[in-house]
Amino acid sequence: MQNRRTTFLALAAVILTLGTLWYMHRPVIVTETTMTEVKAEATRGGYRLITTEALAELYRQQRDKVLLVDTRQDWECRSGHIDGAVNFPLEPTAWSRWRSQARLAALLGPDLDRLVVFY
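Residues numbered from 1 in each chain as written. Predicted model: local features only at pLDDT ≥ 70, side-chain atom pairs only at ≥ 80, totals over all residues. Heavy atoms only, no water.

Peer 1: A description of the overall build of the protein chain should follow, citing residues and the corresponding values.
Peer 2: From N to C terminus, the protein chain includes 6 helices and 3 strands. Ordered by position from the N terminus, the helices and strands of the protein chain form the series α-α-α-β-α-β-α-α-β. Over its C-alpha trace the protein chain gives a radius of gyration of 22 Å, far above what one expects of a compact globule, namely 14 Å for 119 residues. Taken along the three principal axes of its C-alpha coordinates, the protein chain extends 75 × 30 × 30 Å. (Helix = DSSP H or I, 4+ residues; strand = E, 2+ residues; numbered from the N terminus. Rg over C-alpha atoms; globule rule 2.2 N^0.38 Å.)

What follows is the structure, encoded as structure tokens:
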């Protein structure tokens with residue numbers, strides 16, 4: 001009887017481990033988002049959207065008051081980014097964003113009056 005219990009527990013542990021590994025590394029299918037959906041999400045989150053022209057003008061005039069955050073992966077940022085931007089890769093999953101909260105808070109710093117632009 002003890003041998004059956006041990007075998008069952010070992011099998012359950014293997015199944016749980018494989019299931020967890022699959023879940024953590026499963027492919028994430030990113031759907032294409034429309035501008036209407038982006039605007040709606042920005043409004044719900046209390047964010048303001050600006051055009052690239054308005055951002056360029058603001059960045060030229062008040063560069064020290066604007067923090068540009070490049071949210072692409074490291075290799076994408078290395079291939080080209082806006083001068084002065086900092087790289088902070090964001091994965092498209094809620095779990096990875098939750099894990100990144102402390103690092104993001106440290107990046108943003110205590111200055112709550114600074115304009116932060118994520119791209």
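Peer 1: Lay out the pairing of strand E1 (residues 66–70) in plain terms, naming residues and giving numbers.
Peer 2: Where burial is concerned, most of E1 is hidden: 5 out of the 5 residues are buried. In E1, alternate side chains face the same way, and those of Val-66, Leu-68 and Asp-70 on one face and Leu-67 and Val-69 on the other are all buried. Where E1 lies against strand E3 (residues 115–118), 4 bridges are found, and the strand directions are parallel. From the neighbouring strand, Leu-67 faces E3, where its bridge partner is Val-116. (Buried < 20%, exposed > 50% of the residue type's maximum accessible area, 1.4 Å probe, protein only. Pairing = 2+ DSSP bridges.)

Peer 1: Explain the pattern of salt bridges residue by residue, including any values.
Peer 2: Inspection of the entire model under this criterion finds 3 salt bridges. Glu-57 serves as the salt-bridge partner of Arg-60, at 3.1 Å between the closest nitrogen and oxygen. Here Glu-57 and Arg-60 lie together in helix H3 (residues 52–61), a separation of 3 residues that amounts to about one turn. Classification of Glu-57 as partly exposed rests on a relative accessible area of 36%. The salt bridge partner of Arg-72 is Asp-70, with a shortest N-O separation of 2.7 Å. Relative accessible area serves as the criterion here: at 28%, Arg-72 is assigned to the partly exposed category. With a relative accessible area of 0%, Asp-70 lands in the buried category. (Salt bridge = Lys/Arg side-chain N within 4 Å of Asp/Glu carboxyl O.)

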